Structures are given as structure tokens and as C-alpha cells.
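Spelled out, the chains give:
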Amino acid sequence: MALIDFKNTHNQSVYVNPAHVAYIAVFEENVTIIALAVTGAGGKPVALYVRGDIDHVHHRLSTPPIRHAA
């Protein structure tokens, strides 16, 4: 499965494999938390804070990416 790119709250690109997403949640207006089914230090899920409202993030994670022919 292809990785989906997002911008985090520091305007850096982050790439997410939708198969590894445990849940998404609202953090604040236009910021969504993506928790991955991967544990970090302390055994907690790795969480990414990305730009975009939860509906936009959910749509991008659930829609297959467009593949361009080479």
C-alpha cells in the first residue's frame, strides 16, 4: 500500500501507511492526531499531529492514492 503524505504542525512532510493507523482524533481546529499501531518509548502508540480537519484526514486515509503511469 502506498504512503499518504501530510504536513505536520511544524510544516514538515510526514508519510503514513494507512494500514498502520490505529485511530484518528481531533486535537484542535485544523489539527488532527493520527495514532499508529506502532509503539514508541513507554509502550504508547506513536502519534503524529498533522494539519487538516478530521474529515479531510479521514478522507485522505480511506481513499486510495492516484497512481500515475510512468
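Residues numbered from 1 in each chain as written. Predicted model: local features only at pLDDT ≥ 70, side-chain atom pairs only at ≥ 80, totals over all residues. Heavy atoms only, no water.

### Here's the deal with the pattern of salt bridges
The line we're drawing: By convention in these notes, a salt bridge is any Lys or Arg side-chain nitrogen within 4 Å of a carboxyl oxygen on Asp or Glu. In DSSP terms, a helix is any run of H or I states spanning at least four residues, a strand is any run of E spanning at least two, and both are numbered starting from the N terminus. Relative accessibility decides the category of a residue: with a 1.4 Å probe and only protein chains considered, values under 20% of the type maximum give buried, values over 50% give exposed, and everything between is partly exposed.
Tallied over the full model, the rule gives one salt bridge. Ionic pairing is found between Asp5 and Arg60, a salt bridge with its closest N-O pair at 3.1 Å. Remark: Arg60 occurs in helix α1 (residues 54-62) and Asp5 occurs in strand β1 (residues 4-7); sequence separation between them is 55 residues. Judged by its relative accessible area of 38%, Asp5 falls in the partly exposed class. Assessed through its relative accessible area of 25%, Arg60 is described here as partly exposed.

### Considering the side chain of Asn8
Short version of the rule: Two residues form a contact once any of their heavy atoms are found within 4.5 Å.
Residue position: Asn8 is located in the loop between β1 and β2 (13-16). Excluding residues that lie within four positions of it along the chain, Asn8 makes contacts with Val14, Tyr49, Val50 and Arg51.

### Describing the sheet that holds strand β4 (residues 31-39)
Strands belonging to one sheet form pairs held by backbone hydrogen bonds; the direction of such a pair is parallel or antiparallel. Put simply, the rule reads: Two strands pair under a simple rule: DSSP has to find at least two bridges between them. Note on geometry: axes are lines fitted to C-alpha atoms, helical ones only across the stretch in contact, with angles between N-to-C directions running from 0 to 180 degrees.
Overall, antiparallel pairing links the three strands, which are arranged β3-β4-β5 in an open sheet. Unpaired on one side and paired on the other, β3 (21-28) and β5 (45-51) mark the two borders of the sheet. Each neighbouring strand pair of the sheet contributes to a mean axis angle of 25 degrees, computed without reference to strand direction.

### Quick notes on the pairing of β2
Covered by surrounding structure in β2 are Val14 and Val16 only, the residues Ser13 and Tyr15 on the alternate face being uncovered. Where β1 meets β2, four bridges bridge the pair, whose relative direction is antiparallel. For Ile4, the partnering residue across the bridge sits in β2 and is Val16.

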